[in-house]
Amino acid sequence: MANFDLIVIGAGPGGYVCAIRAAQLGLKVACVEARDTLGGTCLNVGCIPSKALLHATHSLHEAEENFAKMGLKVDLPKVDWDKMLAYKGDVIGSNTKGIEFLFKKNKVTWLKGWGSIPAAGKVKVGDDIHEAKAIVIATGSEPSSLPGVPVDEKTIVTSTGALALPKIPKSMVVIGAGVIGLEMGSVYARLGAEVTVVEYLDAITPGMDAEIAKAFQKILAKQGLKFVLGAAVQGAEATKKGAKVSYKLRKDDSAHEIEADVVLVATGRKPYTAGLGLEALGVEMLPRGQVKTDDHFRTNVPGVYAIGDAIVGPMLAHKAEDEGVAVAEIIAGKHGHVNYGVIPGVVYTTPEVASVGATEEQLKEQGRAYKVGKFSFMGNGRAKAVFQGDGMVKLLADKATDRILGCHIIGPGAGDLIHEICVAMEFGASAEDVARTCHAHPTFSEAVREAALACGDGAIHS
Ligand code: NAI
């Protein structure tokens with residue numbers, strides 16, 4: 001048993017960042033984590049391993065599609081799946097060890113084991129009960145299940161199983177055209193699997209600017225992904241071949257079936273708070289399973305806070321990180337704050353898709369007068385040189401004040417380009433501010449500037 005100023009439960013991006021920042025601010029901090037490695041879902045079975053597989057398979061695609069065009073004569077790469085999985089494992093290992101190093105450097109104590117809160121101010125880990133002036137719940141989320149679709153993580157898998165399939169499937173059905181479905185669907189399509197995405201709604205990536213989502217679907221279809229939209233999945237069962245998914249088309253209620261070697265269920269995630277003892281503690285929960293917090297991340301139990309996927313808001317690692325920093329600052333007596341209006345979202349396919357702020361649909365719904373500046377990557381010399389002319393930057397600005405309201409990018413490096421607009425929005429910048437900023441040539445970022453120019457006197461290269 002030990003006494004701490006703060007005990008964080010969960011060492012994902014929300015929890016470990018919170019623990020490090022609190023320690024940097026002078027608090028005596030412990031972080032409870034039951035996994036053998038730090039980093040949570042993101043580092044172990046989420047963001048990081050999926051990026052490794054996306055990178056490897058993108059490289060394969062480059063070799064297959066573009067090397068010959070550039071005068072590079074090589075035999076086509078052969079995929080050694082076990083080696084690719086080992087590479088993914090190495091990437092995970094170096095990242096999780098990095099956090100262990102940061103914990104040591106910042107004197108954060110890792111309490112290994114399952115954490116629960118028997119009473120306010122107390123955290124139980126194994127047989128030990130530790131005392132803490134403040135407790136932060138940062139326990140993240142888990143894949144939500146779909147009725148009638150029994151996950152076995154072998155033939156019917158969540159993202160966790162999809163990251164570690166024993167062999168590359170010849171065919172895959174992905175249930176849900178959200179971020180996980182499209183990223184993992186891309187990985188296996190590039191590895192030669194026939195991938196069919198079955199989505200309940202009539203468009204992919206719900207919440208994304210509709211024009212960008214449409215362009216995105218077209219590009220993915222060109223890459224070989226098949227889409228069945230407006231299809232409600234009714235169930236799935238294991239077959240000799242793999243698994244069979246049954247669905248009904250919403251437009252005419254007609255019933256259909258589709259069989260594949262592997263079925264990936266990617267229909268969203270839900271907060272993971274089981275086993276913490278929150279009910280006995282009397283922590284108020286929201287109807288959808290999140291911990292209820294106020295705008296200072298406080299639950300109704302004094303001294304108990306919550307952040308990340310366990311509370312409301314987008315389930316994104318960087319949102320959790322920002323909340324981790326903010327709550328650490330608040331607990332240390334400072335003024336932590338998260339600007340929820342400027343949280344970027346990125347899909348790490350090729351091309352990448354990134355967005356921040358309002359979509360055009362949201363602005364219409366708000367009845368807001370706005371202008372749109374668009375620029376196609378076809379007009380960007382650098383993008384054309386690397387065969388990535390497909391895509392565009394779409395900037396939305398207030399019609400009267402020119403203040404930037406949102407930005408949506410599909411194209412090369414979109415996930416990095418978006419941050420120029422994030423910073424601009426944090427500073428309350430206008431489209432003209434971006435347009436008048438000198439951008440190096442030749443860079444992809446010129447497309448962002450051109451979209452800003454298109455909000456004013458017009459783009460130059462379109
Ligand atoms: P999601 O919420 O992004 O998408 C789920 C999709 O499944 C939706 O399009 C929904 O309409 C569809 N769906 C639901 N029920 C269905 C049914 N019965 N039949 C057919 N379709 C159905 O969820 P996803 O992709 O599982 O991701 C989970 C969370 O993880 C999200 O919050 C996402 O933002 C986050 N994430 C973020 C990443 C990133 O930032 N790059 C990467 C991976 C995950």
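Because the structure is predicted, anything quoted here is derived from the model rather than measured. (Residues numbered from 1 in each chain as written. Predicted model: local features only at pLDDT ≥ 70, side-chain atom pairs only at ≥ 80, totals over all residues. Heavy atoms only, no water.)

Tell me about the side chain of Thr350, residues and numbers included.
In this fold, Thr350 is placed in the loop between strand 18 (345–347) and strand 19 (352–357). Separated by 3.2 Å, the side chains of Thr350 and Arg190 make a polar contact. In this view, Thr350 contacts His58, Arg190, Gln223 and Gln388; residues no more than four positions away in its chain are not counted. (Helix = DSSP H or I, 4+ residues; strand = E, 2+ residues; numbered from the N terminus. Polar contact = N/O pair within 3.5 Å; in protein donor to acceptor, adjacent residues only side chain to side chain. Contact = heavy atoms within 4.5 Å.)

Describe the sheet that holds strand 19, naming the residues involved and giving the relevant values.
With antiparallel pairing, the 5 strands of this open sheet are ordered in space as 18-19-22-21-20. Of all strands in the sheet, those with a lone pairing partner are strand 18 and strand 20 (370–376), marking the two edges. Within the sheet, the average angular offset between the axes of one strand and its neighbour, ignoring direction, is 10 degrees. Where strand 20 and strand 21 (residues 392–398) come together, 7 bridges link them in antiparallel fashion. When the bridges of strand 21 are listed, Phe375 appears paired with Val393. (Pairing = 2+ DSSP bridges. Axes fitted to C-alpha atoms, helices over the stretch in contact; angles between N-to-C directions.)

How would you explain the pattern of salt bridges if you had to name every residue and give the values?
Taken as a whole and judged by the stated rule, the model has 21 salt bridges. The salt bridge involving Asp5 is made with Lys133; its shortest N-O contact spans 2.7 Å. Taken together, the residues span a long stretch of sequence, with Asp5 in strand 1 (residues 3–9) and Lys133 in strand 6 (residues 128–137) at a distance of 128 residues. The salt bridge partner of Lys292 is Glu284, with a shortest N-O separation of 3.3 Å. Residue Glu284 is classed as partly exposed on the basis of its relative accessible area, which comes to 39%. One continuous salt-bridge network, built from bridges that share partners, spans Asp209, Glu211, Glu360, Lys364, Lys374 and Lys394. (Salt bridge = Lys/Arg side-chain N within 4 Å of Asp/Glu carboxyl O. Buried < 20%, exposed > 50% of the residue type's maximum accessible area, 1.4 Å probe, protein only.)

Describe in detail helix 1 (residues 13–24), supporting the description with residues and values.
Residues that lie three or four places apart on an α-helix share one face, since the helix turns once every 3.6 residues. Taking 1.5 Å as the rise per residue, helix 1 with 12 residues should run 16 Å; its terminal C-alpha atoms sit 16 Å apart, in good agreement. Regarding helix 1, the residues found buried are Pro13, Gly14, Gly15, Tyr16, Val17, Cys18, Ala19, Ile20, Ala22 and Ala23. In this structure, the buried residues of helix 1 make contact with strand 1, strand 2 (29–33), helix 2 (40–45), helix 4 (81–105), strand 6 and helix 9 (317–331). Looking one or two places after helix 1, you find Gly26, whose phi comes out positive at around 100 degrees. (Expected span 1.5 Å × (residues − 1).)

Got a sec to walk through the site of the ligand? Specific residues and values, please.
Taken together, 22 residues sit near the ligand, with Ile180, Glu199, Tyr200, Gly268 and Val346 positioned nearest. Between Ile180 and the ligand, the recorded distance is 2.9 Å, taken from a backbone N or O atom to an oxygen atom. Glu199 places a polar side-chain atom, nitrogen or oxygen, 2.6 Å from an oxygen atom of the ligand. Burial of the ligand by the protein chains amounts to 79% of its free accessible area of 850 Å². Broken down by secondary-structure element, the contributors of at least two residues to the shell around the ligand are helix 6 (179–190) and strand 12 (231–238). The greatest single-element share of the shell around the ligand, amounting to 3 residues, is contributed by helix 6. (Near = heavy atom within 4 Å. Areas by Shrake-Rupley, 256 points an atom, 1.4 Å probe, with all protein chains shown as cover.)

How would you sum up the pairing of strand 14 (residues 255–260)? Please name residues and give values.
Two strands pair when backbone bridges link them, and strand 13 (residues 243–249) and strand 14 are joined in this way by 6 bridges, in the antiparallel orientation. Among the inter-strand pairings, Tyr247 is bridged to a residue of strand 14, identified as His256. Two successive antiparallel strands, strand 13 and strand 14, enclose a turn made up of 5 residues, where Asp253 displays a positive phi of approximately 65 degrees.

Which residues make up a nonpolar patch on the surface, and what values do they have?
On the surface, Met70, Leu72 and Phe387 cluster together to form a nonpolar patch covering roughly 260 Å² of accessible area. For Phe387, a relative accessible area of 34% translates into the label partly exposed. (Patch = residues over 30% accessible without salt bridge, like charges linked within 9 Å, V, L, I, M, F, W, Y side chains within 5 Å.)

Let's hear about the nonpolar core: which residues, and what values?
Core analysis: the biggest nonpolar cluster contains 54 residues, and Leu6, Val8, Val29, Phe103, Val136 and Phe297 have the highest contact counts within it. Counting 40 residues, the second-largest nonpolar core is a separate cluster that includes Leu54, Ile204, Phe227 and Val353. (Core = buried A, V, L, I, M, F, W, Y, C linked by side-chain atoms within 4.5 Å.)

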